[in-house]
Amino acid sequence: MNGDAVRDFYRRYLACCNDRRFADLAEFVDPEVRINGTDQGFDRYVAGLRAMVEPFPDYRWEVRHLLVDGDRMSAHFTDTGVHTPTGRTIDTQEFAVYRIADGKIVEVWGAWVMAGSSVLTQLPGA
């Protein structure tokens, strides 16, 4: 896939996630997908997404930046949602790198960062 095709692929993938059409992700995600260097497989991949949105029925991933380099794609997004049990709103930054092969996501490396958090805020007296 060329860069434009990868961008379109990812936007369709993200729309699927935001619409909670997780069963349809088989179109985008390899059955043997690896996450952060660990074999997960499609079912565990989807289970992780379901677990994330379950307490946040309006949870959304919104792409801020998307970079494509060959078979790799890097995404920076904002994640938002209202936590049903508490009514508290979350707003986080997420960064992920994907590897695409044969038209599917085969590897994902990701980090999720709470807004306002940093190394310094985690150190007492900093």
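Described below are features of the structure shown in this document. Please read all numbers here as calculations on a predicted model, not as lab measurements.

Calculation notes
Residues numbered from 1 in each chain as written. Predicted model: local features only at pLDDT ≥ 70, side-chain atom pairs only at ≥ 80, totals over all residues. Heavy atoms only, no water. Salt bridge = Lys/Arg side-chain N within 4 Å of Asp/Glu carboxyl O. Helix = DSSP H or I, 4+ residues; strand = E, 2+ residues; numbered from the N terminus. Buried < 20%, exposed > 50% of the residue type's maximum accessible area, 1.4 Å probe, protein only.

### Details of the pattern of salt bridges
Side-chain pairs of opposite charge can arise whenever the charged atoms involved come near each other. Applying the stated criterion across every chain yields a total of nine salt bridges. The partner of D4 in a salt bridge is R7, and the shortest N-O contact between them spans 3.7 Å. Of this pair, D4 and R7 both sit in helix 1 (residues 3–18), separated by three residues, roughly a single helical turn. Accessibility expressed as a relative area gives 29% for R7, which makes it partly exposed. Of the charged contacts in the structure, one is a salt bridge between R12 and D8, with a shortest N-O distance of 3.2 Å. Of the two residues, R12 and D8 are both situated in helix 1; the distance of four residues between them amounts to about one turn of the helix. Take D8: its relative accessible area is 42%, and that puts it in the partly exposed class. If you follow the salt bridges from partner to partner, you end up with R34, D39, R99 and E107 in one network.

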